[in-house]
Amino acid sequence: MHSSKAAANHLPPPGGPPTPGNSGTCYGREADLDQLQALLDSAGQGGGSSLIVLSGKAGIGKSTLISAARQRFQAADMLVLEGWCSPGKPTHAPILQVAQRALEILERYADPAQSPLLDELRQSFATLGGEDGAPAQARRLAELSPEARRVSLFEQLASLLQILGERRPLAVIIHDVDHADPGTLDLVRFLGSMLAPAPALAPEVPFRGMFVLSCAEYPALLQDPMWAEQVQLVSMELTGLTAEAVQRYLASGEVVRRALEATGGNPRLLQDLIRGAAGRLSAAPTLDQELSLEPDTLILAQLLAVAGRPLAGATLGALSGLGQTALSTAVGSLSRRGVVAKSFSQGELLLAFAQANDQNAIYGQIPPATRRALHLQLADHLAAQGGDQELEACAEHM
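Every value quoted in this text rests on a predicted model; they were computed, and no experiment measured them.

**Q** What is the right way to look at the packing of helix H14 (residues 295-307) against helix H17 (residues 356-365) in this model?
**A** How two helices pack is summed up by the angle between their axes together with the distance between the axes. Where H14 meets H17, the closest approach of the two axes is 9 Å, and the angle between their N-to-C directions is 105°. With respect to H17, the element H14 is oriented roughly perpendicular. Residues Leu 298, Ala 301, Gln 302, Ala 305 and Val 306 of H14 touch H17, and the partners they reach there are Gln 359, Ile 362 and Tyr 363. Taken together, the residues that form the contact of H14 with H17 break down as 6 nonpolar, 2 polar and no charged.

In structure tokens:
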């Protein structure tokens, strides 16, 4: 039986860096949330791991469900590691986000006897990310064929997650895999077969965690029936809310607060608000069309889309060149529309897209030349900050 209290002596608080996202309230998704919790509880007690594919069209609630699951898992002293797929990211980048965080945890709290293993893993992942590894590691990998080299690196990553799961139940979440490049999808498939094998193929000591993939539509590589037979696959497709869930959502404090701010409680204005919302839905304007009305707001949205991770308010101000008043106005505009979510880390405001589909919509509308210039601008800024995490993120934008 797993003892999370004992494990807490060797690992950091489970939350790690704050991750902006939707609130943890899941109207109509309580059964899905309970299912995710039950799967992770079972894996944490040695009952076998699962690969969960959480699918559903844009805006259906995948991000909200994952946010609620994250909060619940962390409150139960479980670890959550996440990576994000988006157009233009280097191959393997989402998985390397997970690997980097896993290494940071183990390097700080693992048994000193594991230091050689962690050094080897760090060098291997540097090679996988396109960096130069240590000479000895580079020579060893050079002796292997390209396919054997790739398998060796993938196996080491699976071992890293296995080691971390032995200390505390672990949820690995990869967002928006339908935007992943083929190389990243190959690695996802490999990790799925290694960490969440079908019961007949399960090792004596199973991975004490679960692997969650979110997507609007199943990528073709995940539809291979031969691969699906080799993994403990759980498909969770989100559909529209029931009438009861819609009623609870519309009566929630957040919706009521926004309606009051927009109408002052005036019944006629409330009716106009509802009619206007219905008309906008039928017209189906795109997010970038809305944002194009506010150039400063569009600049911030483009920076966040290219960054692909939370950015501090001060960083956005420096990169955008906006003054404090213009920056506050643009941030307020994005917040009122529900486009961005705010969080705080050590007293510093962080901003990120609340929905991955909004981020991808903005990213896809940025002209290629502007997109490249923004990537280079971010790389220069991150390089100037120094620090391992900033330099690693810098490499993603070069």
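**Q** Before we go on, may I ask you to explain helix H3 (residues 62-75) in this structure?
**A** Because the α-helix completes a turn every 3.6 residues, residues three or four places apart line up on one side. Over its 14 residues, H3 extends 20 Å from the first C-alpha to the last, a length consistent with the 20 Å expected when each residue adds 1.5 Å. Along H3, the residues classified as buried are Lys 62, Thr 64, Leu 65, Ile 66, Ser 67, Ala 68, Ala 69, Arg 70 and Phe 73. Note on H3: the residue one or two positions beyond its end, Asp 77, has a positive phi of about 70°.

**Q** Looking at this structure, I do not really get the environment of Trp 84. What am I missing?
**A** Secondary-structure assignment places Trp 84 in strand S2 (residues 79-84). On a C-alpha basis, the gap between Trp 84 and Gly 308 in space is 7.6 Å, while along the polypeptide they are 224 residues apart.

**Q** Would you take a moment to explain the sheet that holds strand S4 (residues 209-215) for this structure?
**A** Either a parallel or an antiparallel arrangement is found when strands of a sheet pair, and the pairing is made through backbone hydrogen bonds. The 5 strands lie next to each other as S2-S3-S4-S1-S5, forming an open sheet whose pairing is parallel. Of all the strands in the sheet, the pair left with one neighbour each is S2 and strand S5 (233-237). Strand-to-strand, the axes of this sheet are offset by a mean angle of 20°, without reference to chain direction. The sheet contact formed by strand S1 (residues 51-55) and S4 spans 5 bridges and is parallel. Looking at S4, one finds that Leu 51 is bridged to Phe 211. Packing against the sheet, helix H4 (residues 93-109) makes contact with S2 and strand S3 (170-175), and its axis sits at approximately 150° to S2.

**Q** Could you clarify how one ought to interpret a nonpolar patch on the surface in this entry?
**A** Residues Leu 241, Val 246, Tyr 249 and Leu 250 make up a contiguous nonpolar surface patch of roughly 340 Å² in combined accessible area. Along the chain, Tyr 249 falls in helix H10 (residues 243-250).

**Q** Can you walk me through helix H15 (residues 313-320) in this structure?
**A** Taken across its 8 residues, H15 has 6 buried, putting it largely inside the fold. Looking only at H15, the buried set comprises Gly 313, Thr 315, Leu 316, Gly 317, Leu 319 and Ser 320. Gly 321 sits one or two positions beyond H15 and adopts a positive phi of about 75°.

Reading the values: the criteria
Along each chain, the written sequence defines residue order, and numbers are assigned to residues from 1. The predicted nature of this model means local features are confined to residues of pLDDT at least 70 and side-chain atom pairs, given and counted, to a pLDDT of 80 or more, with totals for whole chains, interfaces and linings taken over all residues. In computing side-chain values, all of the structure's heavy atoms are included and hydrogens and water are not. The convention used is that axes are lines fitted to C-alpha atoms, helices contributing only their stretch in contact, and that angles between N-to-C directions extend from 0 to 180 degrees. For helices the rule is a DSSP run of H or I covering at least 4 residues; for strands it is a run of E covering at least 2, with both sets numbered from the N terminus onward. Angle categories: roughly parallel below 35 degrees, roughly antiparallel above 145, roughly perpendicular from 65 to 115, and oblique for all the rest. Contacts are assigned to residue pairs with any non-hydrogen atoms lying within 4.5 Å of each other. Here the term charged refers only to Asp, Glu, Lys and Arg, the term nonpolar to Ala, Val, Leu, Ile, Met, Phe, Trp, Tyr, Cys and Pro, and the term polar to all other amino acids, Gly among them. Under the convention used throughout, the expected extent of a helix is 1.5 Å for every residue step, that is, one less than its residue count. Each residue is assigned to one of three classes by its accessible area relative to the maximum for its type, calculated with a 1.4 Å probe on protein chains only: buried under 20%, partly exposed between the two thresholds, exposed over 50%. The criterion for strand pairing is that DSSP finds at least two bridges linking the strands in question. Patch rule: a residue counts if its relative accessible area is over 30% and it has no salt bridge; like charges are joined within 9 Å, and nonpolar side chains (Val, Leu, Ile, Met, Phe, Trp, Tyr) within 5 Å. Every accessible area reported is derived by Shrake-Rupley at a probe size of 1.4 Å, with residue values counting cover from the shown protein chains alone. When a carboxyl oxygen of Asp or Glu lies within 4 Å of a side-chain nitrogen of Lys or Arg, that pair is called a salt bridge.

Function cannot be inferred from these measures alone, as they are strictly geometric.
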